[in-house]
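Listed below are the residues making up each chain.
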Amino acid sequence: MIYARIAGTGSYLPEKVLTNLDLEKMMDTSDQWIRERTGIERRHIAADGETTVDMAERAARAALEAAGYGPQDVDFIAFGTTTPDMVFPNCGVLLQARLGCRGAPAFSVETACSGFMYALSIADKFVRAGEAKRALVIGAETLSRIVDWSDRSSAVLFGDGAGAVVLEPADAPGIFSTHLHADGRYKDLLYCGGGTDLSKTRRTIAMSGNEVFKVAVGTLGKAIKETLEANRIECSGLDWLVPHQANLRIIQATARRLGLPMERVITTVQEHGNTSAASVPLALDTAVRSGRIRRGQLLLLEAFGGGFTWASGLVRY
Ligand code: COA
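This text gives an overview of the structure that appears in the document. Each chain carries its own residue numbering, running from 1 in the written order of its sequence. For a predicted model such as this one, the threshold for reporting local features is a pLDDT of at least 70, and the threshold for listing and counting side-chain atom pairs is 80 or more; totals across whole chains, interfaces and linings nevertheless cover every residue. Side-chain numbers come from the whole structure's heavy atoms, not from hydrogens or water.

The next thing to look at is the overall build of the chain. In this text, helices come from DSSP runs of H or I with a minimum length of four residues, and strands from runs of E with a minimum of two, each type numbered from the N-terminal end. Looking only at helices and strands, the chain has 10 helices and 13 strands in total. Whereas a compact globule of 317 residues would reach a radius of gyration of roughly 20 Å, the chain reaches 18 Å, a difference of no more than 12%. Across its three principal directions, the C-alpha atoms of the chain cover 55 × 45 × 35 Å. Burial classes follow relative accessibility: with a 1.4 Å probe on protein chains only, a residue under 20% of its type's maximum area counts as buried, one over 50% as exposed, and anything between as partly exposed. For the chain, the residues scored as buried account for 57% of the 317 residues in total. Pairs of residues are marked as contacts when any of their non-hydrogen atoms sit within 4.5 Å. Nonlocal contacts in the chain, meaning residues at least 24 apart in sequence, comprise 75% of its contacts between residues at least 6 apart. With the model as given, the accessible surface of the chain reaches about 13500 Å², and the carbon-plus-sulfur share is 50%. For this count, His and the chain ends are skipped, Lys and Arg are scored as positive, and Asp and Glu as negative. Charged side chains are reduced to one point each, which is NZ for Lys, CZ for Arg, CG for Asp and CD for Glu. Positive and negative charge centroids in the chain, built from 35 and 36 side chains respectively, lie 3 Å apart. For the radius of gyration, the atom set is restricted to C-alpha positions; the globular benchmark scales as 2.2 Å times the number of residues to the power 0.38. Throughout, the Shrake-Rupley method with a 1.4 Å probe supplies accessible areas, and for residues the shown protein chains are the sole cover considered.

Turning our eyes to something else, we now look at the pairing of strand E6 (residues 135–142). Counted residue by residue, E6 has eight buried out of eight residues, so it is predominantly covered. With burial as the criterion, each face of E6 is covered, one bearing Ala 135, Val 137, Gly 139 and Glu 141 and the other bearing Leu 136, Ile 138, Ala 140 and Thr 142. Here, strands pair whenever DSSP counts at least two bridges between them. Bridging between strand E4 (residues 76–80) and E6 involves five bridges; their strand directions are parallel. Note on E6: the bridge partner recorded for Phe 79 is Ile 138. Where E6 lies against strand E7 (residues 160–170), eight bridges are found, and the strand directions are antiparallel. Counted as the bridge partner of Ala 140 is Ala 162 from E7.

A few words on the environment of Met 26. Position of Met 26 relative to the elements: it lies in helix H1 (residues 20–26). Distance in space between the C-alpha atoms of Met 26 and Ser 150 is 8.8 Å, their sequence separation being 124 residues. In this view, Met 26 contacts Leu 18 and Trp 149; residues no more than four positions away in its chain are not counted.

Moving on, we come to the site of the ligand. Throughout, the term near means that a residue has one or more heavy atoms lying within 4 Å of the molecule or strand in question. Not every one of the 23 residues close to the ligand is listed here, only the nearest: Thr 29, Arg 37, Arg 152, Asn 210 and Asn 247. At 2.9 Å, a backbone N or O of Gly 209 approaches a nitrogen atom of the ligand. Out of a free accessible area of 970 Å², the ligand has 74% covered by protein chains. For the shell around the ligand, the elements supplying multiple residues, two or more each, are helix H2 (31–38), helix H6 (152–155), helix H7 (209–230), helix H8 (248–258) and strand E12 (298–305). The element best represented in the shell around the ligand is H7, accounting for four residues. Each polar contact in these results corresponds to two N or O atoms within 3.5 Å; when the atoms are within protein, one needs to be able to donate a hydrogen and the other to accept it, and residues that are neighboring in sequence are counted only if both atoms are side-chain atoms.

Before going further, it helps to spend a moment on the pattern of salt bridges. Every case where a carboxyl oxygen of Asp or Glu lies within 4 Å of a side-chain nitrogen of Lys or Arg is listed as a salt bridge. According to the stated counting rule, one finds 16 salt bridges in the structure shown. With a shortest N-O distance of 2.2 Å, Glu 168 and Arg 5 are connected by a salt bridge. Taken together, the residues Glu 168 in strand E7 and Arg 5 in strand E1 (residues 3–12) connect sequence positions 163 residues apart. With its nearest N and O atoms 3.2 Å apart, the salt bridge here joins Asp 188 to Lys 187.

Only centres within 6.5 Å qualify two rings of Phe, Tyr or Trp (six-membered ring in Trp) as a pair; their planes then separate them into stacked at under 30 degrees, edge-to-face at over 60, and tilted for everything else. All chains considered together, the criterion is met by four aromatic pairs. An angle of 35° between the planes, with centres 4.6 Å apart, marks the rings of Phe 76 and Phe 126 as tilted. Placement of Phe 76 in strand E4 and of Phe 126 in helix H5 (residues 115–128) is noted, with a sequence separation of 50 residues between them. Judged by relative accessible area, Phe 76 falls into the buried class, the value being 1%. According to the relative accessible area criterion, Phe 126 is partly exposed, its value standing at 31%. Charge-over-ring placement is defined geometrically: NZ (Lys) or CZ (Arg) within 6 Å of the ring centre, and within 35 degrees of the ring normal. Taking NZ or CZ as reference, Arg 295 lies 3.9 Å from the ring centre of Tyr 317, over its face.

In this section: the packing of H7 against H8. Interaxial angles span 0 to 180 degrees and are taken between N-to-C directions of axes, which are lines fitted to C-alpha atoms, for helices over the stretch in contact. Running from N to C, H7 and H8 point in directions that differ by 40°, and their axes come no closer than 9 Å. Relative to H8, H7 is oriented oblique. For H7 against H8, the interelement crossing comes out right-handed. On H8, the residues that touch Phe 213, Ala 216, Val 217, Gly 218, Leu 220, Gly 221, Ile 224 and Lys 225 of H7 are Arg 249, Ile 250, Ala 253, Thr 254, Arg 257 and Leu 258. Just so you know the grouping, Ala, Val, Leu, Ile, Met, Phe, Trp, Tyr, Cys and Pro go in nonpolar, Asp, Glu, Lys and Arg go in charged, and all remaining residues, Gly too, go in polar. Taken together, the residues of the contact of H7 with H8 sort by class into eight nonpolar, three polar and three charged. Every angle not falling under 35 degrees, over 145, or within 65 to 115 is termed oblique; those three ranges are roughly parallel, roughly antiparallel and roughly perpendicular. Left-handed describes a crossing whose near helix is turned anticlockwise from the far helix by less than a right angle; the clockwise case is right-handed.

Another aspect to go through is the side chain of Ser 177. Its place among the elements puts Ser 177 in strand E8 (residues 175–182). A polar side-chain atom of Ser 177 sits 2.8 Å from a polar atom in the side chain of His 179. Sequence-distant contacts of Ser 177, that is, excluding residues within four places in its chain, are made with Thr 227, Asn 231, Ser 312, Gly 313 and Leu 314.

This part is about the pairing of strand E13 (residues 309–316). Burial within E13 is extensive, with seven of its eight residues counted as buried. In the sheet, E8 pairs with E13 via seven bridges, with the strands oriented antiparallel. Looking across to E13, one finds that Leu 180 is bridged to Ala 311. In this structure, E12 lies alongside E13, joined through eight bridges in antiparallel fashion. Bridge pairing links Glu 302 to Ser 312 in E13.

Read these as layout, nothing more, since geometry by itself doesn't imply function.
If you want it as structure tokens, here you go:
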């Protein structure tokens, strides 16, 4: 039996930091309001001309280095993003060209904030089927380019960045299971136009914050329970919850419902804001590099985003 395991992680954050105090100068908001409602203190913003693939390349190279592989070893690229550089070629292909690893499949997945988790699930299946041996899984976003900077209720939430993992085959899991879901009935609560439906004239993020909040908390609790039940373990058996970093209150409410102490939850939303598909791999890499997440520990990853889409998975790091 072949399983997939995480051989290495990497991430990248743009140099420019936008604090809540900076936002106070740009719009009618306050550091106190943003902290109290979201936990966010600062976020990173891509430089002029810096793209999603620019950031992904940095994260990918860091993950490959951590795994002890080179770009030539990569034989599969699954790229989660909602802010692609171009309509086509997709970001996976653009990244492949940068890395110089030719011929292998490379594609992007557009499931908003769940993009990395969907990409991870697909890559896991290819590794387990014996069809990929060094799979690069990316989550990268330049949300600052699709944020409506005149809408204070959403503009304060988002940031830019990239995260990556390299998967390799192993005799034991690695990835125990992943669980993907979507419910298109919620399509109008969180969306961004700009595609070929010209009636969707809004090309920036539109969000009904309160409704999104409520559905997110309920759905994520169920997603975590589904993953625990599928693997016949209790919450107490987890070393870490690595949640989607949308809002500290959503993370706290989810943890509370599960009876999971916040000491066992990785939070980076304070520093990164919501980086959509990049948020889970960014949180994972941050915790790995700071020494909090260690080899052999059991992690539950989860994400929730526009669509709605949501996903979770159990991983032994
Ligand atoms: N600064 C100051 N005041 C703000 C503000 C800001 N940035 N944004 C909104 N407000 C005001 C509103 O205008 C409203 O004022 P009013 O009562 O005078 O009308 C008040 O704050 C409360 O707004 P409300 O939308 O009810 O706040 P909230 O407690 O629901 O918090 C969010 C708003 C967006 C932080 C919260 O709903 C949320 O996090 N939702 C989930 C969003 C999310 O995670 N999306 C991504 C999912 S992947």
